[in-house]
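Residue strings, one per chain:
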Amino acid sequence: MTSQTITQEFEYLSCTLSDGVGEMVLDRADKHNAFDEVMIAEMIAALDRFAADDSCQLLVLKANGRNFSAGADLNWMRKQAKMDFEQNLSDANELATLMHKLDKFPKPTLALVQGAAFGGALGLICASDIAIADGRASFCLSEVKLGLIPAVISPYVVRAMGQRASRRYMLTAERFDAETALKLNVIHEINDDLDAASEPIIKALKGNSPQGMAWVKTLLSRLEDGVIDQETLAYTSERIARIRVSDEGQEGLNAFFEKRSPRWNAQ
């Protein structure tokens, strides 16, 4: 198994690609992986690199140290307090770009969460396809304590938690534990051995059609409003017909009928 470093220039990230599995690791443990404009820019660049690399089949989002991320860096917040509206808008747009790129990443994403995951960290988790946390994980949407709101991350958090739970935890800014996060659909599983817990999921994802998984993500994004009308019916019918006649769709069907592994399993 070979492992390659995706980038050498990052200051706050460690990114590798090994056997089809990309890893984007928050690597600022001395600051509890709090992010600022530098880390945000680096994460955007890393996502673009992984998305463009055909050898990357899936992406794992991890963090070094005891905590996944404490949210916003204090020095970054001090800078924001001195910015005018236009500067703050540009700053917020960068964070919005990060969340959007992670949410629309064309390959499966898996977040492994340990310890504290506050503020914007919940956006990263909720924008990921799958999330596993350890038993001591702690979550908080603390923005209102500072006179702020969790605006940029709210679409992803509300989609995961639902409106009712979001009202409570965004308004109270109370911490909640891993068990509560599981009930709220912020995470899918609790396991103190995050690497071991990720293994069967990674194995399952690597056995699936890359095109199929990418199209599933696009399909689910299109269906987020929950409306089932004639346009929805036409879209879903077109999608299944289109993928049946595609190269990967044909390969998958033929492999099934011929009782052999599809070619993407031979990678």
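Keep in mind the model is a prediction, meaning the values are calculated, not measured. (Residues numbered from 1 in each chain as written. Predicted model: local features only at pLDDT ≥ 70, side-chain atom pairs only at ≥ 80, totals over all residues. Heavy atoms only, no water.)

**Q** I tried to follow the sheet that holds strand 6 (residues 116–118) on my own but got confused; where do I start?
**A** Sheet strands line up and pair through hydrogen bonds in the backbone, either parallel or antiparallel. Spatially, 6-8-9 is the arrangement adopted by the three strands of the open sheet, whose pairing is mixed. Two strands lie at the open edges of the sheet, namely strand 6 and strand 9 (176–177), each paired on one side alone. As paired strands, strand 8 (residues 138–140) and strand 9 are joined by two bridges and run antiparallel to one another. From the neighbouring strand, Phe139 faces strand 9, where its bridge partner is Phe176. (Pairing = 2+ DSSP bridges. Helix = DSSP H or I, 4+ residues; strand = E, 2+ residues; numbered from the N terminus.)

**Q** For this particular structure, what's the right way to read the pattern of salt bridges?
**A** Should their charged atoms come close, side chains of opposite charge can pair. One pass over the structure, following the stated rule, counts 18 salt bridges. Ionic pairing is found between Glu231 and Arg222, a salt bridge with its closest N-O pair at 3.2 Å. The closest approach of N and O atoms between Glu251 and Arg263, which form a salt bridge, is 3.6 Å. Pair noted here: Glu251 is in helix 11 (residues 247–257) and Arg263 is in the segment after helix 11, with a separation of twelve residues, a long-range link. The exposure class of Glu251 is buried, given its relative accessible area of 11%. (Salt bridge = Lys/Arg side-chain N within 4 Å of Asp/Glu carboxyl O. Buried < 20%, exposed > 50% of the residue type's maximum accessible area, 1.4 Å probe, protein only.)

**Q** Would you mind going over helix 9 (residues 210–222) with me for this structure?
**A** Every α-helix winds through 3.6 residues per turn, so residues three or four apart in the chain are directed the same way. With 13 residues, helix 9 extends 19 Å from end C-alpha to end C-alpha; this agrees with the ideal 18 Å at 1.5 Å per step. Inspection of helix 9 places Gly212, Met213, Ala214 and Lys217 among the buried residues, and these make up the whole buried set. Close packing links the buried residues of helix 9 with helix 3 (85–103), strand 5 (109–113), helix 8 (194–206), helix 10 (230–244) and helix 11. (Expected span 1.5 Å × (residues − 1). Contact = heavy atoms within 4.5 Å.)

**Q** Which parts of the structure should I look at to understand the nonpolar core?
**A** The tendency in soluble globular proteins is for nonpolar side chains to be buried as a group. Core analysis: the largest hydrophobic core is formed by 54 residues, its most contacted members being Leu13, Met24, Met43, Ile125, Phe139, Val186 and Ile187. Membership of the second largest hydrophobic core comes to twelve residues, among which are Val21, Leu194, Ile201 and Met213. (Core = buried A, V, L, I, M, F, W, Y, C linked by side-chain atoms within 4.5 Å.)

**Q** For this particular structure, what's the right way to read the layout of surface pockets?
**A** The volume enclosed by the largest pocket comes to roughly 940 Å³. Of all the secondary structure elements, the ones that give two or more residues to the lining of the largest pocket are helix 2 (74–82) and helix 3. It is helix 3 that contributes the most residues to the lining of the largest pocket, six residues altogether. Its residues assigned to classes, the lining of the largest pocket comprises 21 nonpolar, seven polar and six charged. Estimates place the volume of the second largest pocket at around 670 Å³. At the level of secondary structure, the elements contributing two or more residues to the lining of the second largest pocket comprise helix 4 (120–127), strand 7 (130–133), helix 5 (154–161) and helix 9. Looking at which element gives the most residues to the lining of the second largest pocket, the answer is helix 9, with seven residues. (1 Å grid on protein atoms, 1.4 Å probe; cavity = no way out; pocket = protein on both sides within 12 Å on 5 of 7 lines; lining within 4 Å. Points joined across faces, edges and corners; volume = space filled by probe spheres on them. Nonpolar A, V, L, I, M, F, W, Y, C, P; charged D, E, K, R; others polar.)

**Q** Just checking my understanding: could you explain the side chain of Glu42 for this structure?
**A** Its location among the elements puts Glu42 in helix 1 (residues 37–52). No salt bridge is formed by the buried Glu42, whose closest oppositely charged neighbour, Arg28, lies at an N-O distance of 8.7 Å. For Glu42, the contacting residues outside a window of four places in its chain are Glu9, Phe10, Glu11, Tyr12 and Leu13. (Lys, Arg positive; Asp, Glu negative; His and termini not counted.)

Read these as geometric descriptors, not functional statements.
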